[in-house]
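An overview of the molecular structure
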Amino acid sequence: MTLVNEPAITPIRLHDYRRPAWTVDTIELDVDLGIDATDITSRLTLRHGGTQTTPLRLDGEGLELLAISLDGHPLDPSHYRHEDNVLEVDGARDGSVLETRVRVKPAANTTLEGLYLSGSRETGFLLTQCEAEGFRHITFFPDRPDVLARYTVTLLADRARFPVLLAGGNPDGTGELAEGRHWARFVDTHPKPSYLFALVAGRLENIQRDYITANGRAVKLVMWSEANVIDRCHYALDALERSMRWDERTYGRNYDLDVFHVVATHDFNMGAMENKGLNIFNAKYLLADPDSSTDEEYRAVEAVVAHEYFHNWTGNRVTCRDWFQLSLKEGLTVFREQQFSADMNSPSLKRIEDVSLLRRTQFPEDAGPLAHPVRPSEYREINNFYTATVYEKGSELVRMLAGRLGQEGFRRGMDVYFERHDGSAATIEDFLSALGDANGIDLMPYLAWYAQAGTPHLHAQGEYDAARRQYTLTLSQHTRATPGQPEKVPVPIPVKLSLFDRDGRVLPLHINGHAAGTEAVVVVDMASQHVVFHDVATEPVPSLLRDFSAPVVLEYDYSPAELALLLTNDADGFNRWEAGQQLAVLAFDSLHGNAETDACKAWCDALTALFEHHAIDDALLADLLTPPGEIEFADRQSEVDPAKIHAQRQELQRHLAKRIGAPALLARYRALASHTSQSLDAESQARRRLKRRVLELLALLDADTAHALAAQQYESAVGMTDRLTALGVLVRDRAPQAAAALADFRRRYADNPLALDKWFAVQAQVPGEPALATVKSLESDPAFTLKNPNRARAVLGAFASNNPSGFHRADGEGYRWLTERLAELDALNPQIAARLATAFNGWQRLEPVRREVAHAALGELAQRQGLSRNLGEIIGNVLQ
Ligand code: PHE
Ligand code: ZN
């Protein structure tokens, strides 16, 4: 299948990278703000890099050129060409100053890239989004991350309509102008790439706090939002302060401007953006209060605030040479956030959460037609490469490097990295060299991880020689072919491992004549290799890939009893959970009808014992009691029937619920529900997490009782976690009490878009055939709009990506509905359309009936005229 518009778009290749012929030393921007029209005057001081004279070529898209002059002289039209998103100017020399004046139309901009309006014309505010290539929608500029310039930005606007004027950098004066207008200037002392430019203008309130950095700088931390939600910014402000202290302590990194602004908007394509000195957040990741945020959302706010703050060093001070190096900042920053969150909360719960996310989002990406390396070698639309592979797998790669170097070695390496590359644009090789040089280790073999797509499968097999008291582990790796990469090479896979005896006691390790404690790391860097353990008294049970020491799929032929042993005895929370997950997979695969298999029995027995003994933390227990999700089960099958997977997973959970028993579940629910504290401390959160799981399990056994409890929990809930849990149980089961609860929720949160998103999402996720009718009714709700990404995700995303049994109808109506919406959305916001279209990833592995109808729906969409480059690329790749 070829796309009508495909041949016109030539890919951009890593291999073709050239240093920029022209760079910019300083840029002065005067922005005259208006909702319908904003005029931008720019003065660039140009630097010519090479010896040959190359014409000056600047990027610019959708700009109306009002005036242009070079070194003070207006340019005659014969001396420049403005066409097809480039401006070519003759006669520029090293040190020349190019001045342009352009006009853009913020209110008409529905892409949420460049300068746009958030909210209504009457009360909304203006803001910018430049990563990756949004700056070219604001002014003419060499819009690439290896051009670092010093910014001076002056904002001019009507004072009544735009009382607050913000840009990145330090404040450098304000003043009045005629006719009720005013101005404000900002100077950024740090050279930065254009994607980190930002401005915000409108009616906003703030909360603020004074902060002194470890190296003594006084900084004002300011959170901005519209007036009605400013009370919900306090948690984020606290989280920001914790992040700053943590980065000082852990990496010795201090903040480097006099102000740090953070702004919340309801209209944002992504989670948040690390613009220098002026972070901009999707409100979903900044606002938090007990009445409208769940415990998970509180943790997400803390994590995203930290992530964006950490970018100030990993991304901003050291930026990326080109967009192929995106993981240099994103993978590294995700890793830093994961370390931070582990320090702030529970390390094993955080690890479980992150590995689940990786398996749910990145593994399917790596196993299908959208597979790409952490450092891609080509792309058509860079916005399509903000993926789970670049972020989440990228973070796993940094984790392996950090593990290889140890805590001190990694810190030493990071210090060298910052020292060498501060104020410049770097590559993945630079990162590996810095870490390696600081420790006298060659880390270049890890480059293969960055260059090669696909999840390696690690096959392990053990052999015990009782006579010689010797245990031999054979470890081999294999990575399947991915699009454009038929041949794969071995990569270094660190395997953290322990051995247990049959009573569940951890064994001392003797490898190659050395005592190695009870845990060792073996690096598998060949196609296959052996590790021999000596002095092993009995045939051991290996605990492999502890703490998920590498992003691979482990294949080891465990018996149910062996996994149950690890689930019961492993001291490490993560590995305990992992053994439980693997055991659940065995149980799932063995289920046929009602007969209880060995695996199912082993899983249920082990969990029931843990449930009864109160020996582990409530939150971990809740996670242990949760089998892998439907997407993870689907990922392991060659012919996927999502309806069947849903039914079978429910069946598996019903076995567990039965084994624990309704009385025990009920008693535990009551005990947990007797604590009414809404505090965010770990213990209260853990109780709510377990209470939810217990209620869900009970609903599988005794629906009437569970629904009555859920209705009561809904009524009496003081916080969103309990309220949404209850609503979810009622809605998913289509319980008689669901309608009243939905109506109440709707009324209660009529003016709270983030809470209302949950109202939409919970309904779009009702499993099975009825979901489509529900989704269609949601679409005609007056509060539904495709213009707001959060709302579009709450319906389209929740349905297509988080509700496999609802979306994958055998009649193909789910697919046809989605492709219609995608075409509509594409005309408004191509980035969001492309992202939601990834729900089709994996259609080739559907069972034949669904495969056929999915193919037809996709083919029809691909044939449409005028698809964006974003959506066109995703559909084209998915169809391969
Ligand atoms: N750089 C942002 C982050 O990860 C993500 C982002 C990308 C936001 C592109 C907007 C546009 O923190
Ligand atoms: Zn990021």
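The rules behind the values
Residues numbered from 1 in each chain as written. Chains lettered and ligands numbered in written order. Predicted model: local features only at pLDDT ≥ 70, side-chain atom pairs only at ≥ 80, totals over all residues. UniProt positions renumbered as here; feature names shortened; annotations may be inferred. Helix = DSSP H or I, 4+ residues; strand = E, 2+ residues; numbered from the N terminus. Rg over C-alpha atoms; globule rule 2.2 N^0.38 Å. Buried ≥ 20, exposed ≤ 12 C-beta atoms within 10 Å, placed from the backbone. Contact = placed C-beta atoms within 7 Å. Near = placed C-beta within 6 Å. Nonpolar A, V, L, I, M, F, W, Y, C, P; charged D, E, K, R; others polar. Pairing = 2+ DSSP bridges. Axes fitted to C-alpha atoms, helices over the stretch in contact; angles between N-to-C directions. Parallel < 35°, antiparallel > 145°, perpendicular 65-115°, else oblique. Left-handed = near helix turned anticlockwise from the far one by under 90°.

Per an unreviewed UniProt entry, the protein goes by Aminopeptidase N and derives from Dyella psychrodurans. Quoted straight from UniProt, the Cofactor (unreviewed entry) entry for the protein says "Zn(2+)". Quoted verbatim from the Sequence similarities (unreviewed entry) heading of the UniProt record, the comment on the protein is "Belongs to the peptidase M1 family."

**Things to note about the overall build of the protein**
The number of helices and strands found in the protein is 26 helices and 33 strands. For 880 residues, the compact-globule estimate of 2.2 N^0.38 gives 29 Å, and the protein sits close to it at 28 Å. The dimensions of the protein, computed from C-alpha atoms along their principal axes, are 90 × 65 × 60 Å. Split into buried and exposed, the 880 residues of the protein put 51% on the buried side. In the protein, the proportion of contacts linking residues at least 24 apart, taken out of those at least 6 apart, comes to 70%.

**A closer look at the site of ligand 1**
For ligand 1, the full set of nearby residues is Gln129, Glu131, Ala132, Met270, Ala272, Met273, Glu274, His307, Glu308, Glu330 and Tyr386. At the level of secondary structure, the elements contributing two or more residues to the shell around ligand 1 comprise strand 20 (272–273) and helix 2 (295–310). Class assignment of the residues belonging to the shell around ligand 1 gives a composition of five nonpolar, two polar and four charged.

**So, the pairing of strand 8 (residues 86–89)**
Alternating residues of strand 8 divide into Leu87 and Val89, all buried, and Val86 and Glu88, none buried. Pairing of strand 4 (residues 56–59) with strand 8, which is carried by four bridges, proceeds in the antiparallel orientation. Paired with Leu56 across the strands is Val89, a residue of strand 8. The antiparallel pairing of strand 7 (residues 80–83) with strand 8 creates a hairpin that spans two residues between the two strands, and Asp84 there sits at a positive phi of about 35°.

**Examining the UniProt feature "domain: Peptidase M1 membrane alanine aminopeptidase" (unreviewed entry) in the protein**
Mapped onto the present numbering, the UniProt feature "domain: Peptidase M1 membrane alanine aminopeptidase" (unreviewed entry) falls at residues 235–442. Secondary structure across residues 235–442 divides into 57% helix and 11% strand, with the first and last C-alpha atoms of the span separated by 43 Å.

**Notes on the sheet that holds strand 6 (residues 73–74)**
If you trace the eight strands from one edge of the open sheet to the other, you get 6-5-9-3-2-12-15-14, paired in mixed fashion. Of all strands in the sheet, those with a lone pairing partner are strand 6 and strand 14 (170–176), marking the two edges. Across five bridges, the pairing between strand 14 and strand 15 (residues 181–187) is antiparallel. By the bridge assignment for strand 15, Thr174 is matched with Ala184.

**Structural notes on the packing of helix 5 (residues 388–421) against helix 6 (residues 428–439)**
It is at 7 Å that the axes of helix 5 and helix 6 come closest, and there the two elements cross at 115°. Judged by the angle between their axes, helix 5 and helix 6 are roughly perpendicular. Here the hand of the crossing between helix 5 and helix 6 comes out right-handed. Across the interface between the two elements, Leu401, Leu405, Gly409, Arg412, Gly413, Val416, Tyr417, Arg420 and His421 from helix 5 touch Asp430, Phe431, Ala434, Leu435, Asp437, Ala438 and Asn439 from helix 6. Partitioning the contact of helix 5 with helix 6 into residue classes produces eight nonpolar, four polar and four charged.

**Quick notes on the sheet that holds strand 13 (residues 164–167)**
An order of 10-11-16-13 is seen for the four strands of this open sheet, with the pairing classed as antiparallel. Each edge of the sheet is formed by a strand with only one pairing partner; in this case those strands are strand 10 (114–118) and strand 13. Strand-to-strand twist across the sheet, computed as the mean angle between neighbouring axes with direction ignored, equals 15°. Where strand 11 (residues 125–129) meets strand 16 (residues 199–202), two bridges bridge the pair, whose relative direction is antiparallel. The residue of strand 16 that forms the bridge with Leu127 is Val200.

**Focus on the packing of helix 14 (residues 662–673) against helix 15 (residues 682–701)**
Interhelical geometry of helix 14 versus helix 15 gives an angle of 150° and a closest axis separation of 9 Å. The orientation of helix 14 with respect to helix 15, classified from their angle, is roughly antiparallel. Along this stretch, helix 14 crosses helix 15, giving a crossing that reads as left-handed. On helix 15, the residues touching Ala662, Leu665, Leu666, Arg668, Tyr669, Leu672 and Ala673 of helix 14 are Arg687, Leu690, Lys691, Val694, Leu695, Leu697, Leu698 and Leu701. Its residues assigned to classes, the contact of helix 14 with helix 15 shows 12 nonpolar, no polar and three charged.

**Let's talk about the UniProt feature "domain: Aminopeptidase N-like N-terminal" (unreviewed entry) in the protein**
In the numbering used here, UniProt assigns the "domain: Aminopeptidase N-like N-terminal" (unreviewed entry) feature to residues 109–196. In residues 109–196, the share of helix is 0% and the share of strand is 42%. The end C-alpha atoms are 20 Å apart.

**Overview of the environment of His459**
With respect to the element layout, His459 can be found in strand 25 (residues 457–465). It is 41 Å that separates the C-alpha atoms of His459 and Pro145, two residues lying 314 residues apart in sequence. Filtering out sequence-adjacent residues up to four positions away, His459 remains in contact with Ser476, His478 and Glu555.

**Remarks on unusual backbone geometry**
Omega for the bond connecting Glu131 with Ala132 falls within 30 degrees of zero, at -5°, which places this linkage in the cis form. By secondary structure assignment, the location of Ala132 is in the loop between strand 11 and strand 12 (150–158). Positioned with a positive phi, Glu179 is a non-glycine residue whose angle comes to about 60°. The topology assignment puts Glu179 in the loop between strand 14 and strand 15. Residue class for Glu179 comes out exposed when judged on the 6 C-beta atoms lying within 10 Å of it. Phi angles above zero are rare outside glycine, and Asp535 is one such case at about 55°. Structurally, the position occupied by Asp535 is in the loop between strand 31 (528–533) and strand 32 (541–543). Assessed through the 13 C-beta atoms surrounding it within 10 Å, Asp535 is described here as partly exposed.

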